[in-house]
Amino acid sequence: MVVSTLTEDPLDDVAAEFGDTPGLFQLYTPTDKDLAASFVQRAEATGYKVIIVTHDTWPPGWRPRDPATSNFPQLR
C-alpha cells in the first residue's frame, strides 16, 4: 500500500488499516526542509516502513477542471 503526501485521509488512519501489510509513504518533496522532515517523522511514527521520495514535482499538474470544482488538494 502506497500512501501519497497529498492523501485526503490522515496517515495514521490509513496505517491502522494495514494489518500485516507494510505501508509505503510517497513523499513529494516540498521546498521547505522542515515540512519535508515533518512528513517523514509522521510517517515513521505511524508505522510506515518505506519512504518513496518523488522529487520531480511538488504541486500536481495543472488541470483546468480543478478551479471549476474547487479541488485544490495541495492546500489541504
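Refer to the structure printed above.
To start, this report covers the structure provided alongside it.

So, how was this worked out
- Residues numbered from 1 in each chain as written.
- Predicted model: local features only at pLDDT ≥ 70, side-chain atom pairs only at ≥ 80, totals over all residues.
- Heavy atoms only, no water.
- Helix = DSSP H or I, 4+ residues; strand = E, 2+ residues; numbered from the N terminus.
- Contact = heavy atoms within 4.5 Å.
- Expected span 1.5 Å × (residues − 1).
- Phe/Tyr/Trp six-rings, centres within 6.5 Å; stacked < 30°, edge-to-face > 60°.
- Buried < 20%, exposed > 50% of the residue type's maximum accessible area, 1.4 Å probe, protein only.
- Pairing = 2+ DSSP bridges.
- Right-handed = clockwise from strand over helix to strand, strands pointing away.

1. Considering the environment of Val3
Then comes step 1: Structurally, Val3 is set in strand β1 (residues 2–4).
Then comes step 2: In this structure the C-alpha to C-alpha distance between Val3 and Ala43, which are 40 residues apart in sequence, comes to 9.7 Å.
Then comes step 3: When near neighbours in sequence (up to four residues on either side) are disregarded, Val3 contacts Leu11, Val14, Phe18, Leu24, Phe25, Gln26 and Tyr48.

2. Some words on helix α2 (residues 33–45)
Then comes step 1: Over its 13 residues, α2 extends 18 Å from the first C-alpha to the last, a length consistent with the 18 Å expected when each residue adds 1.5 Å.
Then comes step 2: Count one or two residues on from α2 and you reach Gly47, which has phi positive near 100°.

3. Some details on the packing of aromatic side chains
Then comes step 1: One pass over the structure, following the stated rule, counts three aromatic pairs.
Then comes step 2: Ring geometry for Phe25 and Phe39: centres 6.5 Å apart, planes at 40°, overall tilted. Residue Phe25 is located in strand β2 (residues 23–28), and its partner Phe39 is located in helix α2; the two are separated by 14 residues in the primary sequence.
Then comes step 3: Taking relative accessible area as the criterion, Phe25 reaches 1% and is therefore assigned buried.
Then comes step 4: With centroids separated by 6.1 Å and ring planes inclined at 70°, the aromatic side chains of Phe25 and Tyr48 adopt a geometry described as edge-to-face. Note that Phe25 is positioned in strand β2 and Tyr48 in strand β3 (residues 48–54), a separation of 23 residues in sequence. In this pair, the class of Phe25 matches that of Tyr48, namely buried.

4. Thoughts on the pairing of β2
Then comes step 1: Within β2, five of the six residues are buried, which leaves it mostly tucked inside the rest of the structure.
Then comes step 2: With three bridges joining them, β1 and β2 adopt parallel strand pairing. What sits directly across from Val3, in β2, is Phe25.
Then comes step 3: In this structure, β2 lies alongside β3, joined through six bridges in parallel fashion. Within β3, the residue paired with Gln26 across the bridge is Ile52.
Then comes step 4: With α2 bridging β2 and the parallel β3, this β-α-β connection has right-handed handedness.

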